[in-house]
Amino acid sequence: MRLPLPIIKTPLLRQSSIYDYRSCPRKFLLRHRCNLAAKGFTFSRSLEVGTFWHELLASLFETGTMDRGILRNELAIDEDVLRSADFAQSPDIVRHDYETAHALAKVMAELFWEHHRLDADRWEIVSCERVVRNSWGEGIPDLVIRDRRNGDHWLVDHKTEGRDGIVRSAPLSFELQPRLYRLFLQEELGVPIVGVLHNIMVKCPLVFGREDRPYELVDKVLSRGPRKGLKIQEKVF
């Protein structure tokens, strides 16, 4: 007997769903129409650094500080650490991975804001990390700003890159995401989006070592070997 797949929804198209359909129509079906997710827990350092960085930049643009973004990221880390426990992951190791990614994102956000702080006298923030949609699609533009001098509206896109920012910038004029966002915004705002500003930041390739974690020194008595009975201090991470 052949059972039909449970079609849960007809999703609004997003950049990610369109790319999923291009790469594998069955993946699009299972993920976006049947509402199924891959089982298990995985950690992607590059993805998490980018996610944390976006949240911190949104906080900086809207409030002038990273406080709100730091709080939201810490809450997200707590949720992921709890979720990882269901898949036999070590919560301490998972937390270490997330916190080191967050530490890098905070440094990147500080450096970005130091050199590219928004000039409030010239630019007005129209929206920041807000969902825009029409009858068939949706997206979440990073930032939309208006030039106070002439009223022009600009789309701002934040991207992190692992290797070369110049190479990453080469295909941007052909990419789907800014075209979709521009279409949604023009329909919603009723004004033209005159261009896109891409903020591309290359991530530092350095990572924390396994022992670059908080630890305590505890007393331990060796129970075997030539030093049996000797009392030493051992790191407990």
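The structure contained in this document is the topic of the report that follows. This structure is a prediction, so every number in the text was calculated from the model and none was measured. (Residues numbered from 1 in each chain as written. Predicted model: local features only at pLDDT ≥ 70, side-chain atom pairs only at ≥ 80, totals over all residues. Heavy atoms only, no water.)

Digging into the layout of surface pockets
Selection rule: In the cavity and pocket records, a cavity denotes points on a 1 Å grid over the protein atoms alone where a 1.4 Å probe fits but cannot get out, a pocket denotes an open set with protein on both sides within 12 Å along at least 5 of 7 lines, and lining residues are residues with an atom within 4 Å of a point. Grid points are joined across faces, edges and corners, and a volume is the space filled by probe spheres set on the points. Elements are defined by DSSP. Helices are runs of H or I of four residues or more, strands are runs of E of two residues or more, and each kind is numbered from the N terminus. In this count, Pro and Cys sit with the nonpolar residues alongside Ala, Val, Leu, Ile, Met, Phe, Trp and Tyr, while Asp, Glu, Lys and Arg are called charged and the others, Gly among them, polar.
Taken as a whole, the largest pocket holds about 730 Å³ of empty space. Around the largest pocket, the lining comprises 21 residues; the ones closest to its centre are Arg14, Gln15, Ser16, Arg31 and Leu47. Within the residue set of the lining of the largest pocket, elements represented by two or more residues are helix H1 (15-23), helix H2 (25-33), strand S3 (138-139), strand S5 (153-161) and helix H7 (176-189). Class assignment for the residues of the lining of the largest pocket results in 7 nonpolar, 4 polar and 10 charged. In this structure, the second largest pocket is lined by 20 residues; those nearest its centre are Leu47, Gly50, Thr51, Phe52 and His54. Listing elements by their share of the lining of the second largest pocket, those giving two or more residues are helix H3 (45-63), helix H4 (67-84) and S5. The greatest single-element share of the lining of the second largest pocket, amounting to 8 residues, is contributed by H3. A class-by-class count of the residues in the lining of the second largest pocket yields 3 nonpolar, 8 polar and 9 charged.

Regarding the nonpolar core
When a protein is soluble and globular, its nonpolar side chains tend to lie buried together. Selection rule: Among buried residues, the Ala, Val, Leu, Ile, Met, Phe, Trp, Tyr and Cys ones that are joined through side-chain atoms within 4.5 Å form a nonpolar core. Accessible area is worked out with a 1.4 Å probe on protein chains only. A residue is then buried under 20% of its type maximum, exposed over 50%, and partly exposed in between. In this analysis, two residues are considered to be in contact whenever any of their non-hydrogen atoms come within 4.5 Å of each other.
Residues Trp53, Leu57, Phe61, Ala109 and Phe112 are the most contacted members of the largest nonpolar core, which totals 29 residues. Elements represented by at least two residues in this core include exactly H3, H4, helix H5 (91-116), strand S1 (123-128) and strand S4 (143-147). A per-element tally of this core places H5 first, with 9 residues. The contact partners of Phe61, leaving out residues within four places of it in the chain, are Phe112, Trp113, Leu118, Ile125, Leu143 and His158.

Some details on the state of the cysteines
The line we're drawing: Cysteine sulfur pairs qualify as disulfides if the two atoms are within 2.5 Å.
For the coordinates displayed, the defined rule picks out 0 disulfides. The thiol of Cys24 is unpaired, and the distance to the nearest cysteine sulfur, on Cys34, comes to 12 Å. For Cys24, a relative accessible area of 30% puts it in the partly exposed group.

What about the packing of H1 against H2?
When two helices pack together, their arrangement is captured by the angle between the axes and the distance separating the axes. Rules: The axes used here are C-alpha line fits, helices contributing only the stretch in contact, and every angle between their N-to-C directions lies in the interval 0 to 180 degrees. When describing relative orientation, an angle under 35 degrees is termed roughly parallel and one over 145 degrees roughly antiparallel, while 65 to 115 degrees is termed roughly perpendicular and anything else oblique.
Two numbers describe how H1 lies on H2: the axes approach to 5 Å, and their chain directions differ by 140°. Taken together, the axis directions place H1 and H2 in an arrangement best described as oblique. Across the interface between the two elements, Ser16, Ser17, Asp20, Tyr21 and Ser23 from H1 touch Pro25, Lys27, Phe28, Arg31 and His32 from H2. Its residues assigned to classes, the contact of H1 with H2 shows 3 nonpolar, 4 polar and 3 charged.

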